[in-house]
Amino acid sequence: EKKFAFVEFRTVEETSNAMALDGIMFEGVSVRVRRPNDYNPAMAATLGPSTPSASLNLQAIGLGQAAGPLPAGPGQDGPDRIFVGGLPYYLAEDKIRELLGQFGAIRSFDLVRDRETGNSKGYGFAVYEDPMVVDAACQSLNGISMGGDKVLTVRRATQTTQPKPDTDSVIAQAQQQVALSMALQQSAMAMAAKGMTPVSGGAPMPGMPSIPGMPSMEPPTRIVVLTDVVDVNELADDEIYTEIVEDMEDECKKYGDVASLKIPREAPGLGKVFVEYSAIEGAMAAKTALNGRKFSGKAVKAQHMPEEKYAAGDFDEF
């Protein structure tokens, strides 16, 4: 039982109205309604309304405020709804509202809870009365330490976990590195054919000066391994795990076609993200863009992995 489903409606209007169901309580559980990953807001706007009708009356069918925390008005599923993560599990909802309320009146706040225990899952969603305060709240609260290993993540709910890099320049840089690596490999093969010993480890050849900032000549492959990009404590929850996989796929697809992605929930490879790209260029672009990026206060380490090890599921060295 995966606890999620995909629904296709008859019209654009019906689909947008269904987004108003996000946040209602059904059998004691807060329902989450999302657009598909390939949803294009600009294109959708040409086909019909992209937000629920203002005349929609969910209370008439028992799904209004009495049934659960349903935010009213703008921001329900729009760009002004914010995600608040990294919350300590013991932090009461009123204290969270007090924290967020420093920047303006809160229209609604939905703290996501475990369906079995009712305890906080450590994240929720909020909508401010004044959309103008959203950016200030996100910039001020994001990254704040909440004690222990908890660090607040506050961003617009429709935004990815990190600002988009200049993808075109990243890919161009990766392609240059691929070309350089291939040229060095061809040079090494030519030297070997003449009975000469190639210089290993990316060290400069005799008589050639070292170049500061020169990347190490790690053999590029179609596989990229990301370390310190997910919190292993969140992998045990099936719903959160599914969201993490979807988020990572969305992020990694920015740099090339992703053939497969694995996030082991147990050793070996626990907590690491293994991404297989269809082409080396995509893998190099991802490695260049993601290495050193900050996720939840930690610097991500990105490296290549031999394709045969990935195919065999041999994650012991990573």
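An account of the accompanying structure is given in this report. (Residues numbered from 1 in each chain as written. Predicted model: local features only at pLDDT ≥ 70, side-chain atom pairs only at ≥ 80, totals over all residues. Heavy atoms only, no water.)

Turning next to the sheet that holds strand β4 (residues 106-113). Taken together, four strands build an open sheet; the order of strands is β4-β5-β3-β6 and the sheet is antiparallel. What marks the edges here is a single partner per strand, and that holds for β4 and β6 (153-156). Each adjacent strand pair in this sheet contributes to an overall mean axis angle of 20 degrees, direction not counted. With four bridges joining them, strand β3 (residues 82-85) and strand β5 (residues 120-128) adopt antiparallel strand pairing. Bridge pairing in β5 places Val84 opposite Gly124. Docked against the sheet, helix α4 (residues 134-141) engages β3, β5 and β6, running at close to 155 degrees with respect to β6. (Pairing = 2+ DSSP bridges. Helix = DSSP H or I, 4+ residues; strand = E, 2+ residues; numbered from the N terminus. Axes fitted to C-alpha atoms, helices over the stretch in contact; angles between N-to-C directions. Contact = heavy atoms within 4.5 Å.)

This part covers helix α3 (residues 93-100). Listed in full, the buried residues belonging to α3 are Ile96, Leu99 and Leu100. Down the axis of α3, the sector holding all buried residues measures 95 degrees, keeping them to one side. Check the buried side of α3 and you find it contacts β3, β4, β5 and α4. (Buried < 20%, exposed > 50% of the residue type's maximum accessible area, 1.4 Å probe, protein only. Arc of directions from axis to C-beta.)

Moving on to helix α7 (residues 280-290). Of all eleven residues in α7, eight are buried, a share of seventy percent or more. Considered for burial, the residues of α7 that qualify are Gly282, Ala283, Met284, Ala285, Ala286, Lys287, Ala289 and Leu290. Just past α7, the residue Gly292 takes up positive phi, approximately 90 degrees.

Another aspect to go through is the sheet that holds strand β12 (residues 301-304). In space, the four strands of this open sheet follow the order β8-β9-β7-β12, with antiparallel pairing throughout. Edge positions in the open sheet fall to β8 (258-262) and β12, since each of these has one partner strand only. Recorded for the sheet is a direction-independent mean angle of 20 degrees between the axes of neighbouring strands. Across four bridges, the pairing between β8 and strand β9 (residues 273-277) is antiparallel. Within the sheet, the bridge partner assigned to Leu261 lies in β9 and is Val275. Where helix α6 (residues 238-252) meets the sheet, its contacts fall on β7 (223-227), β8 and β9, and the angle it forms with β8 comes to roughly 145 degrees. Each of β7, β9 and β12 touches α7; the most contacted strand, β12, lies at about 155 degrees to it.

Tracing the chain through its elements places Leu21 in the loop between α1 (12-18) and β1 (25-26). Residue classification places Leu21 among the partly exposed positions, given a relative accessible area of 28%. Separated by eleven residues in the primary sequence, Leu21 and Arg32 place their C-alpha atoms 7.7 Å from one another.

Below, the discussion takes up the packing of aromatic side chains. Following the criterion strictly, the structure yields five aromatic pairs and no others. Measuring from centroid to centroid gives 4.0 Å for Phe274 and Phe315, while their planes differ by 20 degrees, and the two rings are stacked. A residue pair is termed long-range when its members are at least 10 positions apart, and Phe274 in strand β9 and Phe315 in the segment after α8 (307-312) qualify at 41 residues. A relative accessible area of 0% means that Phe274 is categorised as buried. These aromatic residues form a ring-pair network of at least three members: Phe83, Tyr123 and Phe125. (Phe/Tyr/Trp six-rings, centres within 6.5 Å; stacked < 30°, edge-to-face > 60°.)

Take the nonpolar core next. Grouped together as the largest cluster of nonpolar side chains are 30 residues, with contacts concentrated most on Leu226, Met248, Leu261, Ile263, Val273 and Tyr277. Among the secondary structure elements, those contributing two or more residues to this core are β5, β7, α6, β8, β9 and α7. It is α6 that contributes the most residues to this core, six residues altogether. Filtering out sequence-adjacent residues up to four positions away, Tyr277 remains in contact with Arg222, Val224, Cys252, Tyr255, Gly256, Asp257, Val258, Ala259, Gly282, Ala283 and Ala286. By size, the runner-up hydrophobic cluster in this structure holds 20 residues, among which are Ile96, Phe109, Ala126 and Leu152. (Core = buried A, V, L, I, M, F, W, Y, C linked by side-chain atoms within 4.5 Å.)

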